[in-house]
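The primary structure of each chain is shown beneath.
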Amino acid sequence: MNTIFIHDLRVETRIGVYDWEQHLRQTLRLDLEIECPSDAAFRSDRFADALDYSAVVSRLQALAADHPHKLMERFAEAIADLVLDEFHAPSVKVRVAKLAPIAGVKELGVAIERRRAA
């Protein structure tokens with residue numbers, strides 16, 4: 001399996017179940033491992049054969065800027081759906097973390113792994 005990873009992507013968003021959280025922008029840390037739809041780029045050295053990770057990052061930033069989700073769990077699922085559907089990845093691992101959400105906690109978050117439906 002060939003993967004592209006995006007680690008430590010920081011996005012600003014409004015997320016949370018409490019009213020005050022929904023009015024406050026928070027920084028989330030995203031980590032993704034995306035299975036490449038094809039291994040052609042590894043042989044051809046052609047951008048046209050590659051997964052455009054810059055486009056993935058742009059879409060993740062846009063999703064974070066305007067999403068209706070309160071839970072990190074649902075946000076992680078939306079990220080997985082986006083990568084699988086728009087970028088045709090066979091599978092993706094997604095990790096979403098709030099930074100210093102509780103005194104004494106560096107990160108708190110969720111991790112999921114999803115595959116495209118056969």
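These numbers were taken from a predicted model, which means no experiment stands behind them.

Scoring rules and cut-offs
- Residues numbered from 1 in each chain as written.
- Predicted model: local features only at pLDDT ≥ 70, side-chain atom pairs only at ≥ 80, totals over all residues.
- Heavy atoms only, no water.
- Core = buried A, V, L, I, M, F, W, Y, C linked by side-chain atoms within 4.5 Å.
- Buried < 20%, exposed > 50% of the residue type's maximum accessible area, 1.4 Å probe, protein only.
- Helix = DSSP H or I, 4+ residues; strand = E, 2+ residues; numbered from the N terminus.
- Contact = heavy atoms within 4.5 Å.
- Polar contact = N/O pair within 3.5 Å; in protein donor to acceptor, adjacent residues only side chain to side chain.
- Pairing = 2+ DSSP bridges.
- Axes fitted to C-alpha atoms, helices over the stretch in contact; angles between N-to-C directions.
- Salt bridge = Lys/Arg side-chain N within 4 Å of Asp/Glu carboxyl O.
- Left-handed = near helix turned anticlockwise from the far one by under 90°.
- Nonpolar A, V, L, I, M, F, W, Y, C, P; charged D, E, K, R; others polar.

A.B. asks: I tried to follow the nonpolar core on my own but got confused; where do I start?
C.D. replies: Note that soluble globular proteins tend to have their nonpolar side chains buried in a common cluster. Counting 31 residues, the largest nonpolar core has L30, L32, I34, F75, I79, V94 and V96 as the members making the most contacts within it. At the level of elements, β1 (3–13), β2 (26–35), α2 (53–65), α3 (72–86), β3 (91–99) and β4 (107–115) are the ones that each hand at least two residues to this core. The residues touching L30, leaving out its near neighbours within four places in the chain, are I6, H7, D8, L9, V11, L60, F75, I79, R95 and V96.

A.B. asks: For this particular structure, what's the right way to read the side chain of T13?
C.D. replies: Note that T13 resides in strand β1. Judged by its relative accessible area of 1%, T13 falls in the buried class. A polar contact is formed between the side chain of T13 and the backbone oxygen of A64, at a distance of 2.6 Å. A distance of 2.7 Å separates the side chain of T13 from the side chain of H67, its partner in a polar contact. Not counting the four nearest positions on each side in its chain, T13 is found in contact with L24, R25, Q26, L28, A64 and H67.

A.B. asks: Can you help me understand the sheet that holds β2 in this one?
C.D. replies: Pairing within the open sheet is antiparallel, and its four strands lie in the order β1-β2-β3-β4. The sheet is open, and its two edges are formed by β1 and β4, each paired on a single side. Across the sheet, the mean angle from the axis of one strand to that of its neighbour is 15°, orientation sign disregarded. With nine bridges joining them, β1 and β2 adopt antiparallel strand pairing.

A.B. asks: Sorry if this is basic, but what is going on with the pattern of salt bridges here?
C.D. replies: A complete count under the given rule lists 11 salt bridges for this structure. R29 is the salt-bridge partner of D8, the closest N and O atoms lying 3.5 Å from each other. One end of the pair, D8, is in strand β1; the other, R29, is in strand β2, with 21 residues separating them in the sequence. The exposure class of D8 is partly exposed, given its relative accessible area of 37%.

A.B. asks: Just checking my understanding: could you explain the packing of α2 against α3 for this structure?
C.D. replies: Packed helices, taken two at a time, are described by their axes: the angle between them and the distance between them. Running from amino to carboxyl end, α2 crosses α3 at an angle of 145°, the nearest separation of the two axes being 11 Å. The chirality of how α2 crosses α3 is right-handed. Contacts between α2 and α3 pair V56, R59, L60, L63 and A64 from the former with F75, A78, I79, L82, V83 and E86 from the latter. In terms of residue class, the contact of α2 with α3 is built from nine nonpolar, no polar and two charged.

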